[in-house]
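Chains, contacts and geometry: an overview
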Amino acid sequence: KRRLSHPCPPRMWPRALGGLSAAAHQVAAVRPPAFVALASLRVASSTASFSSASSSGDAAHDTWWRRSAPGSPNPMGRRPTGPKGGSPPAALDPGAPAGRLKKKRGGPQPGLPLDEEEGGSYCGDGSEDEGLEGLGVPLDAVVKVWCVHSMPNFSLPWQKKRQFRSSGSGFCISKEKRVILTNAHCIEWAAQVKVQRRGSDTKHLAKVESVGWECDCAVLSVEDDEFWEGIQVVQLSKKVPHLEEPVLCVGFPVGGDTISVTSGVVSRVEVMTYAQTCAELLGIQIDAAINSGNSGGPAFNSAGECLGMAFQSLGADQAENIGYVIPTVVIMHFLNDLLKHGKYTGFPTLGIDVQTMENAHLREAFGMAPKQKGLLVSRVAPTTAATKVLNAGDVLLSFDKETIANDGTIQFRKHERVAFSWLVAQKYYGEPAELTVLRDGKELELRIEDFHPEESLVPVHLFGRSHEGPSYMIVAGLVFTTLSVPFLRSEFGEEWDCEAPVEIVHRVMNQRAQFKGEELVVLTQVLAHDLTVGYEDLENVMLVSINDITVKNLRHCLDIIEGCSEKYLRFSFQNNLVLVLKPEDAKKATAEALEQHSIPAATSPDLAEPSAALAASAPTTPTPA
């Protein structure tokens, strides 16, 4: 199978170039509800900068969007002129006159044409024109984003990992409101964020105003007035580009410190998986080079408008020059969501599992007419808004009057179709939606009054919570935590779906939350202590119940243990494993284990607070394991 992964942001620095060049940090993809591995994608993540002797490559030419004419040696007729193919522009042609070179007195410089009457070497003083006006894009709106990351240690949840630095790109979209747009993965687990304008030697402290993790977008702001003096603003295009339209990517990728400009064309527009949180949204595929550090940089069309933001690319082992851009329709949804709700709420999903209806016998069995098309609903998540109107076995015919095809697509544009999930994603939480279904041979018109997010049983990320780090609880050296994708990556690596215990993988892929606040609790390790002798081999096993009470979440576990009045604490795990402790001895051993292993607290900050009645939101009857 092919795997979807991404480096966001880099976690390792190779030793070459002083150990500052960013290496790829692969992150396994997850596609709810079943975590399906797709194409090998990597985010064009932020990278650590390093000194380089290479030239900036800012040479200008005003024909970057021209394609090769039919009948030219290029059989595809789509390779842009300039550095990527065709005749180089004058500024890059070694035989072209160097009219823009500034002459200074001194000895001649090899390779540079000099005036016959005056010798000297070229040395720019910053006053000469760069000749980039012909590009027609606001290069001065693009900034470099520096970030110091402080990531939790999910295997030792009371600690954080060593800080590391990275850099990416961003661009100004409003000077009046002081808004800079960048990728969410560029400021993931940010301890400090700074931005630097093109051509400036000053880094300004920035504040993260809002983050959309599903769409990989983030809004930054800078308080320093000096930063905003003379800055240009990027105009967002309101249209999704068509195939073969030219595109110019601008950013600060690996390979140098100065701004980089690469050109290409739009090669595909479809619903794709965003590697940051594996959400399925509309994306643009381009053939312009997108490398580490390009993340957050704008992609311009031939009119100088921003058609999207660079954010990920295919790995070199899978394909060449395949990068992906977040289209402006997704960016505008993110920004409008902030204006509409005052905060980021997300992109809605129906929360259903569906099956295509391409088989004629299957359609006939469910009573579909010859011209009817739709999708078979195989499961509805209990915590979604759709659970009030949809049933398993319904045939979903349309969403908001848009007909859904038997393969699950809808008409996007002429000769273009995309997955119907894009229709749902364009809604906002709190809005109604109209559905047409076929149930027991009858066509019904249904209505979802208000969308609300599905409760995630195994979260892909922990952002947006009151406590964004991992939750944990220690009892006599037993370390309990909640199951999440970052935890699985920390314990089992990027191939966690192959390395983790099969019982855990099965629950991650197939189980849905039954009520708000439900969590899967894991005994991740047993710390050395006299009371836990003989239990050392119990690690990374699912906790099912305590004293025959089915566990609902980590808070519920703590409440059961603190309220235990029985002689023993009996922990029941998967595969019928049992662990028994005496409550009084366990309480004493907890303090000793904390001191022995230099652990600051027995619980994470969210559990140390008074109970927020997470368990109260659960049903009164125990939920079957």
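Read on for an overview of the structure. (Residues numbered from 1 in each chain as written. Predicted model: local features only at pLDDT ≥ 70, side-chain atom pairs only at ≥ 80, totals over all residues. Heavy atoms only, no water.)

Another point: the overall build of the protein. In terms of regular secondary structure, the protein is built from 10 helices and 28 strands. Counting only residues that meet the buried cut, the protein has 53% of its 625 residues in that class. Sequence-distant contacts, at least 24 apart, represent 66% of the contacts inside the protein between residues at least 6 apart. Carbon and sulfur atoms provide 49% of the accessible area of the protein, an area that totals close to 29100 Å². (Helix = DSSP H or I, 4+ residues; strand = E, 2+ residues; numbered from the N terminus. Buried < 20%, exposed > 50% of the residue type's maximum accessible area, 1.4 Å probe, protein only. Contact = heavy atoms within 4.5 Å. Areas by Shrake-Rupley, 256 points an atom, 1.4 Å probe, with all protein chains shown as cover.)

Moving on, we come to the pairing of strand E7 (residues 217–222). Here E7 lies mainly inside the structure; six of its six residues are buried. Residues Cys217, Val219 and Ser221 of E7 are buried on one face, and the alternating residues Ala218, Leu220 and Val222, pointing to the opposite face, are buried as well. Bridge count between strand E4 (residues 179–182) and E7: three bridges; the pairing is antiparallel. The residue of E7 that forms the bridge with isoleucine 180 is leucine 220. As paired strands, strand E6 (residues 203–212) and E7 are joined by six bridges and run antiparallel to one another. Bridge pairing links alanine 206 to valine 222 in E7. In this antiparallel pair of consecutive strands, E6 and E7, the connection spans four residues, and aspartate 216 shows a positive phi of 60°. (Pairing = 2+ DSSP bridges.)

The subject of this paragraph is the pattern of salt bridges. In the structure shown here, the tally under the stated rule is 14 salt bridges. Here aspartate 140 and arginine 198 are joined by a salt bridge, their closest N and O atoms 2.6 Å apart. On the criterion of sequence distance, the pair formed by aspartate 140 in the loop between strand E1 (41–43) and strand E2 (142–149) and arginine 198 in the loop between strand E5 (190–197) and E6 is long-range, its members being 58 residues apart. Among the residues examined, aspartate 140 registers a relative accessible area of 29% and is labelled partly exposed. Arginine 413 is the salt-bridge partner of glutamate 416, the closest N and O atoms lying 2.7 Å from each other. Grouping residues by exposure puts glutamate 416 and arginine 413 together as buried. Linked by salt bridges that have partners in common, Lys401, Glu434, Glu445, Arg447 and Glu449 make up one network. (Salt bridge = Lys/Arg side-chain N within 4 Å of Asp/Glu carboxyl O.)

With that out of the way, let us pick up unusual backbone geometry. At arginine 178, a position not held by glycine, the phi torsion is positive, near 55°. Following the sequence through the fold, arginine 178 ends up in the loop between strand E3 (164–174) and E4. With a relative accessible area of 26%, arginine 178 lands in the partly exposed category. Phi is positive for aspartate 548, close to 65°, though the residue is something other than glycine. Relative to the helices and strands, aspartate 548 resides in the loop between strand E25 (541–546) and strand E26 (549–550).

Most of strand E8 (residues 246–251) sits out of view: six of its six residues are buried. Pairing geometry for E8 and strand E9 (residues 260–273), over six bridges, is antiparallel. In the strand pairing of E9, cysteine 249 is matched with threonine 262.

Mapping threonine 258 onto the fold places it in the loop between E8 and E9. Sequence spacing of threonine 258 and glycine 199 is 59 residues, and the spatial spacing of their C-alpha atoms is 7.9 Å.

This part takes up the sheet that holds E2. Sheet architecture is closed into a barrel: six strands sit in the order E2-E3-E4-E7-E6-E5, paired in antiparallel fashion. Here the strands of the sheet are splayed against their neighbours by 40° on average, with no regard to which way each runs. Alignment of E5 against E6, held across four bridges, turns out to be antiparallel. Looking across to E6, one finds that valine 193 is bridged to alanine 206. This element, helix H2 (residues 328–341), spans E3, E4, E6 and E7 of the sheet and lies at about 60° to E7. (Axes fitted to C-alpha atoms, helices over the stretch in contact; angles between N-to-C directions.)

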